[in-house]
Structures are given as C-alpha cells and as structure tokens.
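The residues making up each chain are set out below.
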Amino acid sequence: MTVTIRLQREAFDIAAEVAALTAGRADVGAVVTFTGVCRADEAGAPIAALTLEHYPGMAEAEIARHVEEASARWPLLGVTVIHRHGRLTPGEVIVLVATASSHRQAAFAAAEFLMDYLKTRAPFWKQVEKVSGKTWVAANAADDTAAERWSTPPPRHEAAK
Amino acid sequence: MKLLYFAWVRERLGKAEEEIDPPAGVATVGELIAWLARRGEEYAYAFENPKVIRAAIDRSHVRAEARIAGAGEIAFFPPMTGG
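Heads up: these notes are all about the structure in this document. What you see is a predicted model; the values in this text were computed from it and never measured.

Here the focus is the interface of chain B and chain A. Interface size is commonly expressed as the accessible surface area that is lost when the partners come together. Residue-level contacts link 14 residues of chain B with 22 residues of chain A. Counting residues per element, the ones that place at least two in the side of chain B that touches chain A are α1 (7-13) and β5 (73-77) of chain B.

Relative to the assigned elements, Ile20 of chain B resides in the loop between β2 (17-19) and α2 (29-37). For Ile20 of chain B and Ile33 of chain B, which are 13 residues apart along the polypeptide, the C-alpha to C-alpha distance reads 12 Å.

All names here are of chain A. Pairing within the open sheet is mixed, and its 4 strands lie in the order β1-β5-β7-β2. Every interior strand has two partners, whereas the edge strands, β1 (2-8) and β2 (30-37), have only one. Across the sheet, the mean angle separating the axes of adjacent strands is 5° when strand polarity is ignored. Here β1 pairs with strand β5 (residues 76-84) via 7 bridges, running parallel. Within the sheet, the bridge partner assigned to Gln8 lies in β5 and is Arg84. Helix α1 (residues 14-22) rests against β1, β2, β5 and β7 (93-101) of the sheet, and its axis sits at about 25° to β7.

Here we take up the packing of helix α3 (residues 104-121) of chain A against helix α4 (residues 141-148) of chain A. Residue and element names in this part refer to chain A. Interhelical geometry of α3 versus α4 gives an angle of 135° and a closest axis separation of 8 Å. On the basis of their axis angle, the class for α3 and α4 is oblique. In this structure, the crossing between α3 and α4 has a hand that is left-handed. Taking contact as the criterion, the partners of Asp116, Tyr117, Lys119 and Thr120 in α3 are, on α4, Asp143, Asp144, Ala146 and Ala147. Its residues placed into classes, the contact of α3 with α4 shows 3 nonpolar, 1 polar and 4 charged.

Residues and elements named next belong to chain B. Ordered in space as β2-β1-β5-β3-β4, the 5 strands form an open sheet in which the pairing is mixed. Strands at the two margins of the open sheet, each flanked by one partner only, are β2 and β4 (60-62). The sheet shows a mean angle of 25° between the axes of neighbouring strands, taken without regard to direction. In the sheet, strand β1 (residues 2-5) pairs with β5 via 4 bridges, with the strands oriented parallel. Counted as the bridge partner of Lys2 is Glu73 from β5.

It is worth spelling out unusual backbone geometry at this point. Positive phi is not limited to glycine here, since Ala43 of chain A has a value of about 50°. The residue Ala43 of chain A is located in the loop between β3 (41-42) and β4 (45-54) in this model.

Bringing the environment of Asp58 of chain B into the picture now. Residues and elements named next belong to chain B. When you line up the elements, Asp58 lands in the loop between β3 (54-57) and β4. Residue classification places Asp58 among the partly exposed residues on the basis of 14 C-beta atoms within 10 Å. Sequence separation between Asp58 and Glu73 is 15 residues, and the spatial gap between their C-alpha atoms is 5.0 Å. Once residues lying within four places of it in the same chain are set aside, the contact partners of Asp58 are Ala71, Gly72 and Glu73.

By size, the foremost hydrophobic cluster in this structure holds 55 residues, and its most contacted members are Ala110 and Leu114 of chain A together with Phe6, Val9 and Ala75 of chain B. Top element by residues in this core is α3 of chain A. It accounts for 9 residues. When neighbours within four sequence positions are excluded, Leu114 of chain A is seen to be in contact with His66, Val67, Ala70, Val81 and Val97 of chain A.

This next bit is on the environment of Arg87 of chain A. Residue and element names in this part refer to chain A. Considering the arrangement of structural elements, one finds Arg87 in strand β6 (residues 86-88). Linking Arg87 and Leu52, residues 35 residues apart in sequence, is a C-alpha distance of 6.5 Å. Aside from chain neighbours lying at most four places away, what touches Arg87 is Ala49 and Thr51.

To continue, consider the pairing of β3 of chain B. Residue and element names in this part refer to chain B. Pairing of β3 with β5 involves 4 bridges; the strand directions are antiparallel. Paired with Arg54 across the bridge in β5 is Phe77. Between β3 and β4, which pair antiparallel in sequence order, lie 2 residues; one of them, Asp58, sits at a positive phi of approximately 45°.

About the cut-offs
- Residues numbered from 1 in each chain as written.
- Chains lettered and ligands numbered in written order.
- Predicted model: local features only at pLDDT ≥ 70, side-chain atom pairs only at ≥ 80, totals over all residues.
- Contact = placed C-beta atoms within 7 Å.
- Helix = DSSP H or I, 4+ residues; strand = E, 2+ residues; numbered from the N terminus.
- Pairing = 2+ DSSP bridges.
- Axes fitted to C-alpha atoms, helices over the stretch in contact; angles between N-to-C directions.
- Parallel < 35°, antiparallel > 145°, perpendicular 65-115°, else oblique.
- Left-handed = near helix turned anticlockwise from the far one by under 90°.
- Nonpolar A, V, L, I, M, F, W, Y, C, P; charged D, E, K, R; others polar.
- Buried ≥ 20, exposed ≤ 12 C-beta atoms within 10 Å, placed from the backbone.
- Core = buried A, V, L, I, M, F, W, Y, C linked by C-beta atoms within 7 Å.

Keep in mind that these numbers describe shape and distance, not what the molecule does.
Take a look at the structure:
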C-alpha cells in the first residue's frame, strides 16, 4: 500500500496528489477524495480567517495509526492524507484524504472513516478570526458520534492480492 | 518531565512548554492535572474544568487514570477540532 502523510503550511495540487496515488499501477479501480475547505462563517458569524495549531510529531503519528487501522479494515491500495496548518482564509483547502482501492466500497468507507477520526482524534485545533476577535472553535458532539459508529469490532478483510 | 500545552490551554498558561518535577504522590494524569491546577492563578484557569482537558503521554492519547511514571513528554490540550 502506498501511504503519504504530510502536514504543511503550503497549498497543494489535489490533482497531482491523486495522480501520484495511482501512478504506475493497474490494480486501482477507485479513488475517493475528500477535501475540507475553510468556510467564510463559523457558528453563523462571518470569519476573516482560521488558524490551525497542531502537535508536531503526534499529529503525524495519530494519522498514521488510523491509516493503519483503515488498511486492516478495508483492502486499500493507497492512502494520502495532507493536513495544512497555520493561517487559512475562506476558500482555501484545509485537508485532503484520498483513498485508492480496486473497488469503490472500500475507498468510500475508508475515506469516511479517516475523516471521522481526523476530526476527533488528530491533535489539531482551529482558532477563528471574527470581527469581535479571535476565538477557539469548540468541539462538535456530532463529530464524536460520527467517529463512534466505527468503534464496533471491524470485520477484517483478506489481505489485498 | 516535559509538559506541552496547546490551543487555549497554552494561551491561558502563557507558555507552550515547561519542565516539571511533581511530588511522589502524583501518580496519574488526573492527579497531575489537580496538582498543576494548584500552582497559580493561570493554572487554576487553564485547568478549571478537568473534564474537557485531553492528555497524551509520549504522543499517544491517554485517559485521566493513566500512570505518569516513565513518561518523557505529557501534553495537555482541549478537545480536537481538526479536519
């Protein structure tokens, strides 16, 4: 399995990342990408920007642990996770999760699983800049619920051929 | 041991990290939080609601019952909001 995990300040080219995931292989039949984008509002109030703080070292390790867990649950051929940090303005890409598999079901499920865990377990924190000042984004209970639905013991798949 | 603070925990304390040497009776993450909260006004503010504080030992999530003996690096932070 091809695994790419990067944390970076810089913007990146989603098409190039997807191309890298499938380059030189003929067994990929499905690539699912999720792109998280900075909105122009937070809890109903307009924002100028958001700043993502992270725990260097742990963030990479935590994402890698969940990629490993995803590959144990589904027959994946490749996973790319790129998460930006620093100051981002509305419209900018925050995160990319791309999963490759022979068939779409595994790719869809793994991408959703990885995003649900990224939201609740990867050590990142969003601070938003509103007209009234800077505030930290509160954790969303719906994100915890979304992550919990994966917590039943997973059916293990046969190793990808 | 080294302590690291992130997001509003870091802001309330006014520092991102420090070296500490807790007394022998402080054995778990929960006890460490309670001990830290008594170190001064900014600590009391940062740790005023221990239930919302998340912790990691050597870059892995842990619960309040986790033992701190042998830890190299302990981090405290609010619930995560990435993605």
